[in-house]
Amino acid sequence: MKYLVSSCLAGVACRYNGTASLEEKIQELVEQEQAKMVCPELLGGFSTPREAAEIIGGTGKDVLAGTAKVIEKSGKDVTELYIKGAYQTLEWAREMNVSCVVLKEFSPSCGTKMIYDGNFANHKVTGEGVTSALLRQEGYTVISENEWMEQL
C-alpha cells in the first residue's frame with residue numbers, strides 16, 4: 001500500500017507555528033519508502049511559520065464550492081492559497097498512485113473529520129479541510145493520523 005502523509009506527521013516542522021506533530025509509526029512508513037510526505041499549505045505558497053487560519057462559513061467542501069473562505073486570524077483571505085495547495089496535493093496523489101492519504105486532523109487543509117470553527121477560539125466542529133474535501137471528492141481514501149493509528 002502506498003501512502004501520502006502530512007509532512008508534519010513524519011516529523012517535519014512545517015505546521016503554521018513552526019512545529020511538527022510527529023507520529024513515529026508514520027515517520028517509519030516514510031523511512032521504509034511506503035509513504036511520501038506532503039504539506040498542502042507549503043505547496044499552496046505559504047512559508048513556516050505562518051499566521052493561524054481557519055475556515056469561515058462552512059467546511060473545506062464549501063471552500064471548494066466558493067461559499068466559504070479560509071481566513072487568517074488577522075482577517076486576511078488566504079482561500080486561493082489553500083485551494084492551490086489542495087490541487088497540488090491531488091496532483092501528487094495521482095502521480096504517485098497512492099491508495100490512502102493520512103492527514104493531520106483539525107487543520108484547515110488536512111482535517112478529515114474535525115476542523116476549527118472559524119472563531120479562533122480553539123473550538124472544533126465536524127467538518128473537513130480543503131485538501132481532504134478535494135481528495136475525497138476525487139475518490140481517495142482520506143483518514144486522520146488517529147484513524148491510521150487505530151488500524152495498527
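Being a predicted model, the structure only gives us computed values, none of them experimental.

**Looking at the overall build of the protein**
Logical step 1: When helices and strands are tallied, the protein shows 6 helices and 8 strands.
Logical step 2: Traced from its N-terminal end to its C-terminal end, the protein shows the element sequence β-α-β-α-β-α-β-α-β-β-β-α-β-α.
Logical step 3: Taking 15 Å as the expected radius of gyration for a compact globule of 152 residues, we find that the protein reaches 14 Å, a close match to that expectation.
Logical step 4: Projected onto the principal axes, the alpha-carbon positions of the protein cover approximately 40 × 30 × 30 Å.
Logical step 5: Each of the 152 residues in the protein was classed as buried or not, and the buried ones make up 47%.
Logical step 6: Considering only contacts in the protein between residues 6 or more positions apart, those separated by 24 or more positions represent 60%.
Logical step 7: Total accessible area on the protein stands at roughly 7,400 Å², and carbon and sulfur atoms take up 48% of it.
Logical step 8: Measuring between centres, the 15 positive side-chain charges of the protein sit 1 Å from its 21 negative side-chain charges.

**Focus: the environment of Ala 133**
Logical step 1: Mapped onto the elements, Ala 133 comes out in helix α5 (residues 130–137).
Logical step 2: The buried category is assigned to Ala 133, whose relative accessible area is 4%.
Logical step 3: Sequence separation of Ala 133 and Ser 109 is 24 residues, and the distance between their C-alpha atoms is 8.7 Å.
Logical step 4: If sequence neighbours within four positions are ignored, Ala 133 has contacts with Gly 60, Lys 61, Leu 64 and Glu 128.

**Describing the side chain of Thr 131**
Logical step 1: Structurally, Thr 131 is set in helix α5.
Logical step 2: Not counting residues up to four positions away in its chain, the partners in contact with Thr 131 are Pro 40, Gly 85, Ala 86, Thr 89, Leu 103 and Ser 109.

**Observations regarding the packing of aromatic side chains**
Each aromatic ring pair is summarised here by two numbers: the centre-to-centre distance and the angle between the ring planes.
Logical step 1: Evaluation of the coordinates by the stated rule reveals 3 aromatic pairs.
Logical step 2: Both rings, one in Phe 106 and one in Tyr 116, keep their centres 6.1 Å apart while their planes meet at 55 degrees; by these two values the pair is tilted. Taken together, the residues span a long stretch of sequence, with Phe 106 in the loop between β5 (100–103) and β6 (114–116) and Tyr 116 in strand β6 at a distance of 10 residues.
Logical step 3: Phe 106 gets classed as partly exposed once you look at its relative accessible area, which sits at 24%.
Logical step 4: With relative accessibility at 23%, the residue Tyr 116 sits in the partly exposed group.
Logical step 5: We note Lys 124 situated over the ring of Phe 106; from NZ or CZ to the ring centre the distance is 4.4 Å.

**Some thoughts on the packing of helix α4 (residues 79–96) against α5**
Logical step 1: Relative orientation of the contacting elements α4 and α5 amounts to 45 degrees, with a least axis distance of 9 Å. Put simply, α4 runs oblique to α5. Along this stretch, α4 crosses α5, giving a crossing that reads as right-handed. Facing Tyr 82, Ile 83, Gly 85, Ala 86, Tyr 87, Thr 89, Leu 90 and Ala 93 of α4, the residues of α5 in contact are Val 130, Thr 131, Leu 134 and Leu 135.
Logical step 2: The residue inventory of the contact of α4 with α5, partitioned by class, reads 9 nonpolar, 3 polar and no charged.

**Quick look at the sheet that holds β5**
Logical step 1: The 4 strands are arranged β2-β1-β5-β8 in an open sheet whose pairing can be described as parallel. Strands with a single pairing partner mark the edges of an open sheet, and in this sheet they are β2 (35–38) and β8 (142–144). On average, each strand axis in the sheet is inclined to that of its neighbour by 25 degrees, with strand direction left out of account.
Logical step 2: With 3 bridges joining them, β5 and β8 adopt parallel strand pairing. Considered in β8, the bridge of Val 101 is made with Val 142.
Logical step 3: α5 rests against β5 and β8 of the sheet, and its axis sits at about 170 degrees to β5.

Analysis parameters
- Residues numbered from 1 in each chain as written.
- Predicted model: local features only at pLDDT ≥ 70, side-chain atom pairs only at ≥ 80, totals over all residues.
- Heavy atoms only, no water.
- Helix = DSSP H or I, 4+ residues; strand = E, 2+ residues; numbered from the N terminus.
- Rg over C-alpha atoms; globule rule 2.2 N^0.38 Å.
- Buried < 20%, exposed > 50% of the residue type's maximum accessible area, 1.4 Å probe, protein only.
- Contact = heavy atoms within 4.5 Å.
- Areas by Shrake-Rupley, 256 points an atom, 1.4 Å probe, with all protein chains shown as cover.
- Lys, Arg positive; Asp, Glu negative; His and termini not counted.
- Charge placed at Lys NZ, Arg CZ, Asp CG, Glu CD.
- Phe/Tyr/Trp six-rings, centres within 6.5 Å; stacked < 30°, edge-to-face > 60°.
- Lys NZ or Arg CZ within 6 Å of the ring centre and 35° of its normal.
- Axes fitted to C-alpha atoms, helices over the stretch in contact; angles between N-to-C directions.
- Parallel < 35°, antiparallel > 145°, perpendicular 65-115°, else oblique.
- Left-handed = near helix turned anticlockwise from the far one by under 90°.
- Nonpolar A, V, L, I, M, F, W, Y, C, P; charged D, E, K, R; others polar.
- Pairing = 2+ DSSP bridges.

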